[in-house]
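Chains, contacts and geometry: an overview
Chain by chain, the residues:
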Amino acid sequence: MQITFNLSVRQLLSADPGLWTERLRQQYLLLIDGFFSLPINLPGTTYNKALQARAAIMKSIKQLVIKRREDMATARGLHHHHHHHVDSSPSCEKKYNGIRDDDDDGEEPGMKQRYTESREDLLGALLEKKMSDEQIVDMVISLLVAGYETTSIIMTLAVKFLADCPKALEQLQVC
């Protein structure tokens, strides 16, 4: 299940596996537990823990959205500046592309910038739309839940069907 979660977060947010994604996954698991609990919001109940987890997830993702918006604005400023001058340095062309966990300078875990030539994740696409931060956070959480469960079911079924059909498994191993 951890692999599935990491794949989903990578596609949605360009987040590499690490401390930040593991913390997000732990909160996510509490949120999922709340889906299957009695909706009794008393301290210590599964439902209460799920509500707290959702708030923590929303906060983490919103911080990422704000950071990415700021970086996009900075990149646009550099890009605009690049067109008015003859500076063709590669740094002007780079765009913010997600989060990583190798920082230890007091920033929120996983919030260190990582630059690559392109940014093709869901968060980048949503930021291009005229959506509020809250709408983006809600969309990311919804897709994270939907994608995580769907992907794990598909992976489980693929393993089952490959185990039931040795010839198909053999053909895959040849490729």
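Positions within a chain are numbered from 1, following the residues in the order the chain's sequence is written. A pLDDT threshold of at least 70 governs which residues receive local features in this predicted model, and a stricter bar of 80 or more applies before side-chain atom pairs are shown or counted, although totals over entire chains, interfaces and linings include all residues. Computation of side-chain values: all heavy atoms of the structure, hydrogens and water removed.

Remarks on the overall build of the protein
The test is simple: Labels follow the DSSP assignment, with helices taken as runs of H or I lasting at least four residues and strands as runs of E lasting at least two, numbered in each case from the N terminus. Only protein chains enter the accessibility calculation, which uses a 1.4 Å probe; a residue is then buried when its area is under 20% of its type maximum, exposed when over 50%, and partly exposed in between. In what follows, residue pairs with any heavy atoms lying within 4.5 Å of each other are defined as contacts. All accessibility values rest on the Shrake-Rupley procedure with a 1.4 Å probe; residue burial counts only the protein chains present in the view.
A tally of helices and strands in the protein yields six helices and two strands. For the protein, the proportion of its 175 residues judged to be buried stands at 32%. Sequence-distant contacts in the protein: of pairs separated by 6 or more residues, those separated by 24 or more amount to 57%. Carbon and sulfur atoms make up 60% of the accessible area of the protein, which totals about 10900 Å².

Things to note about the pattern of salt bridges
Rules: Salt bridges are defined as contacts in which a side-chain nitrogen from Lys or Arg sits within 4 Å of a carboxyl oxygen from Asp or Glu.
Per the stated rule, a full pass over the model turns up nine salt bridges. The partner of K62 in a salt bridge is E134, and the shortest N-O contact between them spans 2.6 Å. Linking K62 in helix α3 (residues 46–84) with E134 in helix α5 (residues 133–164), this pair joins segments that are 72 residues apart in sequence. Linking R69 and D133 is a salt bridge whose minimum nitrogen-to-oxygen distance equals 2.6 Å.

What to know about helix α2 (residues 19–35)
Condition: For a helix, the expected span equals 1.5 Å multiplied by the number of residues minus one. The directions from the helix axis to the C-beta atoms are what the arc is built from.
In a regular helix each residue adds 1.5 Å, so 17 residues correspond to 24 Å; α2 covers 25 Å between its end C-alpha atoms and thus fits that length. For α2, every residue scored as buried is listed here: W20, T21, L24, R25, Y28, L31, I32 and G34. In a view along the axis of α2, the buried residues occupy a sector of 165 degrees, so they form one face of it.

Looking at α5
With 32 residues, α5 extends 46 Å from end C-alpha to end C-alpha; this agrees with the ideal 46 Å at 1.5 Å per step. Within α5 the residues assigned to the buried category are D133, I136, V137, V140, I141, L144, V145, Y148 and S152.

Side note on the environment of Q2
Considering the arrangement of structural elements, one finds Q2 in helix α1 (residues 2–13). With a relative accessible area of 40%, Q2 lands in the partly exposed category. Once the C-alpha coordinates of Q2 and P17 are considered, the two residues, 15 residues apart in sequence, prove to be 9.5 Å apart. Discounting residues that sit within four places of it in the chain, Q2 has contacts with E22 and R25.

Section: the nonpolar core
The line we're drawing: Buried Ala, Val, Leu, Ile, Met, Phe, Trp, Tyr and Cys residues that are joined via side-chain atoms within 4.5 Å together make up what is termed a nonpolar core.
In this structure, V9, L13, Y28 and I61 are the most contacted members of the largest nonpolar core, which totals 26 residues. Sorting the residues of this core by element identifies α1, α2, α3, α4 (122–128) and α5 as the ones contributing at least two each. Here the element with the most residues in this core is α5; it accounts for seven residues. Other than its neighbours up to four places away in sequence, V9 contacts S14, A15, W20, T21, L24 and L144.

Some words on the confidence of the model for the protein
Low pLDDT means the predicted atomic positions in that stretch should not be read closely. We count it as follows: What pLDDT expresses is the predictor's confidence in each residue, scored from 0 to 100.
On average, the protein scores 78 in pLDDT, and the residues at 70 or more come to 75%. Put simply, strand β1 (residues 95–100) is where the protein has its lowest mean pLDDT, 39, and α2 is where it has its highest, 94. Across residues 82–118, where pLDDT falls below 50, the model places 81 contacts with residues more than four positions away in sequence or in other chains.

Brief notes about the environment of F35
Counting through the fold element by element, F35 comes out in helix α2. Overall, the relative accessible area of 48% leaves F35 in the partly exposed class.

Section: the packing of aromatic side chains
Definition in use: Pairing of aromatic rings covers Phe, Tyr and Trp, the last through its six-membered ring, and needs centres within 6.5 Å; plane angles under 30 degrees mean stacked, over 60 mean edge-to-face, and all others mean tilted.
With the rule as written, the count across this model stands at one aromatic pair. Aromatic side chains F5 and Y28 sit 5.3 Å apart centroid to centroid with 45 degrees between the ring planes, which places their arrangement in the tilted category. Here F5 is found in helix α1, whereas its partner Y28 is found in helix α2, with 23 residues between them in sequence. Residue F5 is classed as buried on the basis of its relative accessible area, which comes to 0%.

Structural notes on unusual backbone geometry
Of note in this structure, S14 is not a glycine but carries a positive phi near 55 degrees. Note on placement: S14 falls in the loop between α1 and α2. When its relative accessible area of 5% is taken as the criterion, S14 is described as buried.

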